[in-house]
Amino acid sequence: MSLKHHHRGLELSASKSFVSKKWTLFLCIGFFCAGILFSDRMWPEPEANVVSRDTVASDERLRLESDDCDSSKKGLKRESKDILGDVYKSPDAIQTLDKTISNLENELAAARAAQESIMNGSPVSDDFKLPETVTKRKYLMVVGVNTAFSSRKRRDSVRATWMPPGEERKKLEEEKVIVMRFVIGHSATPGGILDRAIQAEESKHGDFLRLDHVEGYLELSAKTKTYFTTAFAMWDADFYVKVDDDVHVNIATLGAELARYRMKPRVYIGCMKSGPVLAQKGVRYHEPEYWKFGEEGNKYFRHATGQLYAISRELASYISINQNVLHKYVNEDVSLGSWFLGLDVEHVDDRRLCCGTTDCEWKAQAGNICVASFDWSCSGICRSADRMKDVHRRCGEGEKALLAASF
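What counts, and where the lines are drawn
- Residues numbered from 1 in each chain as written.
- Predicted model: local features only at pLDDT ≥ 70, side-chain atom pairs only at ≥ 80, totals over all residues.
- Heavy atoms only, no water.
- Buried < 20%, exposed > 50% of the residue type's maximum accessible area, 1.4 Å probe, protein only.
- Helix = DSSP H or I, 4+ residues; strand = E, 2+ residues; numbered from the N terminus.
- Pairing = 2+ DSSP bridges.
- Axes fitted to C-alpha atoms, helices over the stretch in contact; angles between N-to-C directions.
- Contact = heavy atoms within 4.5 Å.
- Polar contact = N/O pair within 3.5 Å; in protein donor to acceptor, adjacent residues only side chain to side chain.
- Expected span 1.5 Å × (residues − 1).
- Disulfide = S-S within 2.5 Å.
- pLDDT = per-residue confidence, 0-100.
- Phe/Tyr/Trp six-rings, centres within 6.5 Å; stacked < 30°, edge-to-face > 60°.

A. Representation of the pairing of strand E4 (residues 236-244) within the structure. Across the nine residues that make up E4, a large majority, nine, are buried. Judged from the eight bridges that link them, strand E1 (residues 138-146) and E4 form a sheet pairing that is parallel. In the sheet register, Tyr139 faces E4, and the bridge partner there is Ala237. Bridging between E4 and strand E7 (residues 303-312) involves five bridges; their strand directions are antiparallel. Note that in E7 the partner of Lys242 across the bridge is Tyr309.

B. Structural view of unusual backbone geometry. The backbone phi angle of Val177 is positive, close to 50 degrees, even though this residue is not glycine. Along the chain, Val177 turns up in the loop between helix H6 (166-176) and strand E2 (178-186). Residue Val177 is classed as buried on the basis of its relative accessible area, which comes to 15%. Even without being a glycine, Tyr285 presents a positive backbone phi close to 65 degrees. With respect to the helices and strands, Tyr285 occurs in the loop between strand E6 (267-273) and E7.

C. Looking closely at the sheet that holds E1. Across the sheet, which stays open at both edges, the seven strands sit in the order E3-E2-E1-E4-E7-E6-E8 with mixed pairing between neighbours. The open sheet terminates on both sides in strands that have one partner only, identified here as strand E3 (208-214) and strand E8 (346-349). Shown here is a sheet whose adjacent strand axes are inclined to one another by a mean of 25 degrees, direction ignored. Helix H10 (residues 313-321) rests against E1, E4, E6 and E7 of the sheet, and its axis sits at about 100 degrees to E7.

D. Examining the environment of Glu289 more closely. Examined against the element boundaries, Glu289 turns out to sit in the loop between E6 and E7. The exposure class assigned to Glu289 is buried, which follows from its relative accessible area of 17%. Once the C-alpha coordinates of Glu289 and Tyr329 are considered, the two residues, 40 residues apart in sequence, prove to be 7.6 Å apart. With near-sequence residues (within four places) excluded, Glu289 lies in contact with His327, Lys328 and Tyr329. Looking at Glu289, its side chain comes within polar contact range of the side chain of His327, at 2.8 Å.

E. Representation of helix H13 (residues 384-395). Between the first and last C-alpha of H13 there are merely 14 Å, a value that for twelve residues lags more than 12% behind the 16 Å anticipated at 1.5 Å per step. Among the structural elements, helix H5 (152-159), strand E5 (248-249), helix H12 (359-365) and strand E9 (372-373) are those in contact with the buried residues of H13.

F. Looking closely at the state of the cysteines. Across all of its chains, the model carries four disulfides by this definition. Here Cys355 engages in a disulfide with Cys370; their sulfurs sit 2.1 Å apart. Its S-S torsion of about -90 degrees marks the bond between Cys355 and Cys370 as left-handed, since a negative value means left-handed. In this pair, Cys355 is assigned in the loop between E8 and H12 and Cys370 in the loop between H12 and E9, connecting sequence segments 15 residues apart.

G. Local environment of the confidence of the model for the protein chain. Averaged over the protein chain, the pLDDT score is 81; the fraction of residues at 70 or greater is 67%. Confidence over residues 1-19 falls short of pLDDT 50; this stretch has zero contacts with residues more than four positions distant or in other chains. The low-confidence segment residues 121-135, where pLDDT is below 50, has 22 contacts with residues more than four positions distant or belonging to other chains.

H. Focus on the side chain of Asp207. Within the fold, Asp207 resides in the loop between helix H7 (193-205) and E3. Under the relative-accessibility criterion, Asp207 is labelled buried at 3%.

I. How the structure looks around the packing of aromatic side chains. For the structure on display, the rule yields ten aromatic pairs. The interplanar angle of 35 degrees and the centroid separation of 6.4 Å between the aromatic rings of Phe228 and Tyr309 together place this pair among those described as tilted. Of this pair, Phe228 sits in helix H8 (residues 220-234) while Tyr309 sits in strand E7; the two residues are 81 residues apart in sequence, bridging distant segments of the chain. Taken as a pair, Phe228 and Tyr309 share a single burial class, namely buried. In this structure an aromatic cluster arises from ring pairing among Phe293, Tyr300, Phe301 and Tyr329.

Next comes the structure, spelled out in structure tokens:
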């Protein structure tokens, strides 16, 4: 009996000892976990506070820097407005900026034109290769007198009347900033008898602008485009004028008229017309591309008549830059007008640029001198080589007009 009780006592103490060890293990694990939780709860707060303080300090610095940037931007804006205000208030500043842009455009156009000629394997004239020697000065206008190989007598009649010869022409360039040249290309056989005749005439008078262009009546649109491109590359002028060699021109009156539009950026000046589109073959001024202008019997868009017209520097620049993509109609005056369609161009219809040879005399007597005179029936002065002196005597502005002119 006592042995059984003793045995049970041993089992109970062993059971208690076993239970206490298990609980001890659980308690250790529990305390370990509680310690981890305690650490996670206690330590993040100071770290959060430190980060918060750093963040606040950083935000404060960013705010201050942002304020500085804002104040700098406001200062720059105010300064820019002040500068722009000064520019807008100063015509001299505007003209200086305009001249700088003009010089850059001239250099770009000259370089492009020279590069195009070289890449196409076309010869480039000596004058064209050295535009820097003639672009240092600003000119009022370049007057290109369109002529042909067969028009020697016409050229002589112009030299004897409204185009000053030799040294007088050079003096005109220096004192009145007006350039005048007969404009001609070369024959289909370069170096032939026709080209040699022009070269001999050039050696005597020095008043030609030779173009990289093959002469031909059906090539007048291409010649016009090449003229403006070449003239723009060689001379920095406010205006570029094209006139036929059978038209009488009062140069001083033309200069005074063009000077009125100096502040206009894109001006196209001439006697504006809108003639019928001639679809019938064999007639004069037949339009091969008549179908582009709508139904038969339609008229052309408004454009300057081809005897004389003038364009401003920006338009000459536009032609020079885009010369390879400008479409050429068979009639050169139509071609020129088409190149300006879609552009913000001011068309100036000036009837003083197309007086008749009969009414120009009484207009001159009344003090309303014509810029240009010709016969509409001949699209120029009829028999101009013989009659140019007579028209000049009756309709001219006077020998001293050009010397006294101030542009």
